[in-house]
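Results of the structural survey
For reference, the chains in residue letters:
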Amino acid sequence: MIERYTLPEMANLWSEAYKLKTWLQVEIAVCEAQAELGYIPSEAVEEIKAKADFDPDRVLEIEAVVRHDVIAFLTNVNEYVGDAGRYIHLGLTSSDVLDTALALQLVASLDILLQRLEDLIQVIRQKAQEHRHTVMAGRSHGIHAEPITFGFKLAGWLAEVLRHQERLKILCETIAVGKISGAVGTYANVEPRVEAIACQKLGLKPDMASTQVISRDRHADYVQQLALVAASIERFAVEIRNLQKTDVLEVEEFFSKGQKGSSAMPHKRNPIRSERLTGMARLVRSHAGAALENVALWHERDISHSSVERVILPDACTLTHFMLTEITDLVKNLLVYPENMERNLNCYGGVVFSQKVLLALIDKGSSREEAYAIVQESAHAAWNKPEGNFQDLISKDPRVTEKLSPAELEVCFDPQQHLNHLEEVYQRLGI
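This section reports on the structure supplied with the text. Note that the coordinates shown come from a computational prediction; the quantities given were computed from them, not determined experimentally. (Residues numbered from 1 in each chain as written. Predicted model: local features only at pLDDT ≥ 70, side-chain atom pairs only at ≥ 80, totals over all residues. Heavy atoms only, no water.)

An α-helical turn contains 3.6 residues, so a residue and the one three or four places further along point in the same direction. A rise of 1.5 Å per residue sets the reference length of helix α2 (residues 16-36), with its 21 residues, at 30 Å; its end C-alpha atoms lie 30 Å apart and thus fit the reference within 8%. Within two residues after α2, glycine 38 carries a phi angle of roughly 85 degrees, on the positive side. (Helix = DSSP H or I, 4+ residues; strand = E, 2+ residues; numbered from the N terminus. Expected span 1.5 Å × (residues − 1).)

Here is the structure:
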């Protein structure tokens with residue numbers, strides 16, 4: 001991922017040095033397991049642990065000749081270790097190291113993502129509490145529907161993010177799997193007990209039935225879950241973009257001192273962060289498609305997945321991390337304009353209360369068809385007219401006044417009628 005969208009915390013986990021560090025962790029864990037079972041001398045393992053090291057530049061230099069990254073790595077490690085290095089990688093195949101070490105990177109990445117997700121949860125929860133009574137127009141098809149509160153809108157965001165939190169916790173277990181089963185996964189040259197001990201030392205579980213690789217359905221699941229997180233962030237970002245339109249302006253991204261919105265138009269205050277998040281979600285989704293294509297490998301393995309994963313796994317983790325950090329700060333500092341929400345809600349004299357009038361007429365004995373026609377007539381007469389006033393028109397319609405008193409009609413235009421049960425939703429979410 002380009003530096004512009006890379007934060008140091010995640011960049012470290014996907015650096016070449018960190019990758020090689022996890023490879024060495026796996027090799028040492030296997031050596032320790034083999035020593036515990038009496039296959040190699042304990043003194044050799046202690047010497048390996050004391051001397052083992054690597055130089056990323058030297059590894060690349062060797063790889064340029066041998067054209068194999070794991071062999072280049074082992075060659076470089078043995079330059080540090082000396083004779084005891086002959087016990088490293090005994091009975092293993094490259095994928096034992098690559099896939100098991102990759103699991104360590106993916107678990108570490110999830111730990112960071114879960115931390116950032118928790119930050120987002122707390123920020124949304126706080127903002128929802130702050131605006132639990134801030135009334136605004138709910139919209140369907142982009143058109144005013146009925147009153148809601150901005151806190152209720154945020155409650156929906158919170159519920160969605162909480163589901164992601166549960167999914168990622170499950171994913172921590174799904175991806176925390178290693179394999180030390182050798183070529184084609186048959187344990188012909190390394191027994192299952194070595195795998196069990198090594199994986200335990202690494203905080204992983206042995207794969208239930210690996211081939212020469214860990215099956216890529218796990219990795220496809222991983223990237224798809226990140227794509228789901230990105231999709232939700234995109235949903236929040238698109239909502240902010242829509243609510244920031246000049247003719248709506250119910251919320252607005254924080255605009256810092258000295259910030260410029262346009263090279264041409266000095267007045268512009270654009271939702272650039274939300275737009276950036278929208279674009280990033282497209283990238284993460286595209287990686288999910290590539291991850292799915294990686295599932296179908298030839299026989300017990302090929303390496304068609306390898307080149308893809310070198311791009312999509314670090315990029316998906318890095319992008320999702322950036323997106324979570326960005327949306328958290330965006331929501332935390334979001335400018336909310338309750339007065340504009342109230343103005344928009346009362347547009348055309350409260351047409352958003354049409355259903356309450358409809359139901360009140362039905363309750364007084366009108367048929368649904370008759371009541372609907374009466375209410376629609378006044379609503380459409382008020383619609384899209386600067387002076388349009390639905391409440392005024394409906395309160396002067398004799399077909400309405402003969403059934404509803406002024407007080408009964410006034411109740412229909414009370415926003416609180418739409419909000420009476422929202423507390424139950426807030427309580428479910430602990431808002």
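Mapped onto the secondary structure, lysine 245 falls in the loop between α9 (217-243) and β5 (251-252). At 3.0 Å, the side chain of lysine 245 forms a polar contact with the side chain of asparagine 242. (Polar contact = N/O pair within 3.5 Å; in protein donor to acceptor, adjacent residues only side chain to side chain.)

Even without being glycine, arginine 67 reaches a positive phi, approximately 60 degrees. Non-glycine residue histidine 141 carries a positive phi angle of around 60 degrees. Residue classification places histidine 141 among the exposed positions, given a relative accessible area of 81%. (Buried < 20%, exposed > 50% of the residue type's maximum accessible area, 1.4 Å probe, protein only.)

Applying the stated criterion across every chain, the model contains 7 aromatic pairs. Taking the centre distance of 4.5 Å and the plane angle of 15 degrees together, the rings of tryptophan 157 and phenylalanine 236 count as stacked. Separated by 79 residues along the polypeptide, tryptophan 157 in helix α7 (residues 150-175) and phenylalanine 236 in helix α9 bring together distant segments of the chain. Here the two residues tryptophan 157 and phenylalanine 236 agree in accessibility, since each one is buried. What links up through ring pairs into an aromatic cluster is the set Trp23, Phe54 and Phe73. (Phe/Tyr/Trp six-rings, centres within 6.5 Å; stacked < 30°, edge-to-face > 60°.)

Side chains of Met1, Ile2 and Leu283 sit close together on the surface and give an oily, nonpolar patch of about 250 Å² of accessible area. Here leucine 283 lies in helix α10 (residues 272-293). A relative accessible area of 37% places leucine 283 in the partly exposed class. (Patch = residues over 30% accessible without salt bridge, like charges linked within 9 Å, V, L, I, M, F, W, Y side chains within 5 Å. Areas by Shrake-Rupley, 256 points an atom, 1.4 Å probe, with all protein chains shown as cover. Salt bridge = Lys/Arg side-chain N within 4 Å of Asp/Glu carboxyl O.)

A full pass over the atoms with the stated rule returns 32 salt bridges. One salt bridge connects arginine 399 with aspartate 397, and the closest N-O pair in it is separated by 2.9 Å. When its relative accessible area of 8% is taken as the criterion, aspartate 397 is described as buried. Connected through shared salt-bridge partners, Glu32, Glu36, Glu46, Lys49 and Lys201 make up one network.

Here the focus is the pairing of strand β2 (residues 143-149). For strand β1 (residues 135-140) and β2, the ladder comprises 5 bridges, and the chain directions are antiparallel. Each bridged residue has a counterpart across the sheet, and for arginine 139 the counterpart in β2 is histidine 144. Linking β1 back to β2 in an antiparallel pair, the connection comprises 2 residues, with histidine 141 at a positive phi of about 60 degrees. (Pairing = 2+ DSSP bridges.)

It is worth spelling out the nonpolar core at this point. Ranked by internal contacts, the top residues of the largest apolar core, which has 112 residues, are Ile48, Phe73, Ile124, Phe150 and Leu168. In terms of residue count, the dominant contributor to this core is helix α6 (residues 94-130) (18 residues). Leaving out residues up to four positions away in the same chain, phenylalanine 150 has contacts with His131, Thr134, Met136, Leu243, Val251, Leu334, Val336 and Met341. Formed by 21 residues, the second largest nonpolar core is a distinct cluster that contains Val352, Val357, Leu358 and Ala382. (Core = buried A, V, L, I, M, F, W, Y, C linked by side-chain atoms within 4.5 Å. Contact = heavy atoms within 4.5 Å.)

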